[in-house]
Amino acid sequence: MVYVDFAYYKNKYYGSLIPEEEFDRYAAQASRQIDRITAGRARTYNDAADLIKNAACEGAEIFYRFDQERDIAAKNAGKSSETVQSYSVSYRDMSQSLSYENIQKTVNQALYVSLAATGLLYRGALLVY
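Participant: Just give me the short version of the pattern of salt bridges, but keep the residues and values in it.
Facilitator: Per the counting criterion, the structure on display carries 3 salt bridges. Among the salt bridges present, the one from Arg-25 reaches Asp-67, with a minimum N-O distance of 2.5 Å. Placement of the pair is Arg-25 in helix 2 (residues 20-37) and Asp-67 in helix 3 (residues 49-75), with a sequence separation of 42 residues. Among the ionic pairs, Arg-43 bridges to Asp-35, the shortest N-O distance being 3.5 Å. Through salt bridges with shared partners, a single ionic network connects Arg-25, Asp-67 and Arg-70.

The following block contains the structure:
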């Protein structure tokens, strides 16, 4: 389930980073991440619909930014320095900062902040007396 569309992103979240033609892909990616961290409970949670939509927008922007950074890093990959006397070569290593695990961690941190007040992140049993 995708929690947000481009109209909400543009008109209520006031987002402008992600182009319309690419938005659905990143919104779906962010929505899957929301489902992961809420154990699917966000799908039926209507009380905080705007909070969930805003979290999806924020997650989509983070995924988009990381893809943009990865594209830039790929274009600039290669030598970072080279010395001629005693021949020495250094290469850039962008693998750590742009790794999938790092992206997931960054998105999760943002989503946790956005969804903390909803109760959706609680993994225990809710007892009703």
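Once the structure has been displayed, the description carries forward.
Participant: Any details on the environment of Glu-61? Residues and values, ideally.
Facilitator: The topology assignment puts Glu-61 in helix 3. Along the backbone, Glu-61 and Gly-15 are 46 residues apart, and their C-alpha atoms lie at a distance of 8.5 Å. Among residues more than four places away in sequence, those in contact with Glu-61 are Tyr-9, Tyr-13, Gly-15, Ser-16, Leu-17 and Ile-18.

Participant: So what's going on with the side chain of Ser-31? Which residues, and what values?
Facilitator: Structurally, Ser-31 can be placed in helix 2. Other than its neighbours up to four places away in sequence, Ser-31 contacts Met-1, Val-2, Tyr-3 and Ala-56.

Participant: So what's going on with the nonpolar core? Which residues, and what values?
Facilitator: Membership of the largest hydrophobic core comes to 28 residues, with the highest contact counts inside it found for Val-4, Ile-18, Phe-23, Ile-34 and Ile-52. If you list the elements that add at least two residues to this core, you get helix 1 (6-11), helix 2, helix 3 and helix 4 (100-115). If one sorts the elements of this core by residue count, helix 3 sits on top with 9 residues.

Participant: Tell me what's going on with the packing of helix 2 against helix 3, and back it up with residues and numbers.
Facilitator: One can describe the packing of helix 2 onto helix 3 by two numbers: an axis separation of 8 Å at closest approach and a directional angle of 115°. At the point where helix 2 passes helix 3, the crossing takes the right-handed sense. Contacts between helix 2 and helix 3 involve Glu-22, Phe-23, Arg-25, Tyr-26, Ala-27, Gln-29, Ala-30, Ser-31 and Ile-34 from the former and Ile-52, Ala-55, Ala-56, Gly-59, Ala-60, Phe-63, Tyr-64 and Asp-67 from the latter. Class assignment for the residues of the contact of helix 2 with helix 3 results in 11 nonpolar, 3 polar and 3 charged.

Participant: Please set out the packing of helix 3 against helix 4 residue by residue, giving values where relevant.
Facilitator: Packed helices, taken two at a time, are described by their axes: the angle between them and the distance between them. Helix 4 packs onto helix 3 with a crossing angle of 160° between their chain directions and a minimal axis gap of 9 Å. Put simply, helix 3 runs roughly antiparallel to helix 4. Considering only the axes of helix 3 and helix 4, their crossing is right-handed. Residues Leu-51, Ile-52, Ala-55, Glu-58, Gly-59, Ile-62, Phe-63, Phe-66 and Arg-70 of helix 3 lie in contact with helix 4, whose contacting residues are Asn-102, Ile-103, Gln-104, Thr-106, Val-107, Ala-110, Leu-111, Ser-114 and Leu-115. Grouping the amino acids of the contact of helix 3 with helix 4 by side-chain chemistry returns 11 nonpolar, 5 polar and 2 charged.

Cut-offs applied
- Residues numbered from 1 in each chain as written.
- Predicted model: local features only at pLDDT ≥ 70, side-chain atom pairs only at ≥ 80, totals over all residues.
- Heavy atoms only, no water.
- Salt bridge = Lys/Arg side-chain N within 4 Å of Asp/Glu carboxyl O.
- Helix = DSSP H or I, 4+ residues; strand = E, 2+ residues; numbered from the N terminus.
- Contact = heavy atoms within 4.5 Å.
- Core = buried A, V, L, I, M, F, W, Y, C linked by side-chain atoms within 4.5 Å.
- Buried < 20%, exposed > 50% of the residue type's maximum accessible area, 1.4 Å probe, protein only.
- Axes fitted to C-alpha atoms, helices over the stretch in contact; angles between N-to-C directions.
- Left-handed = near helix turned anticlockwise from the far one by under 90°.
- Nonpolar A, V, L, I, M, F, W, Y, C, P; charged D, E, K, R; others polar.
- Parallel < 35°, antiparallel > 145°, perpendicular 65-115°, else oblique.

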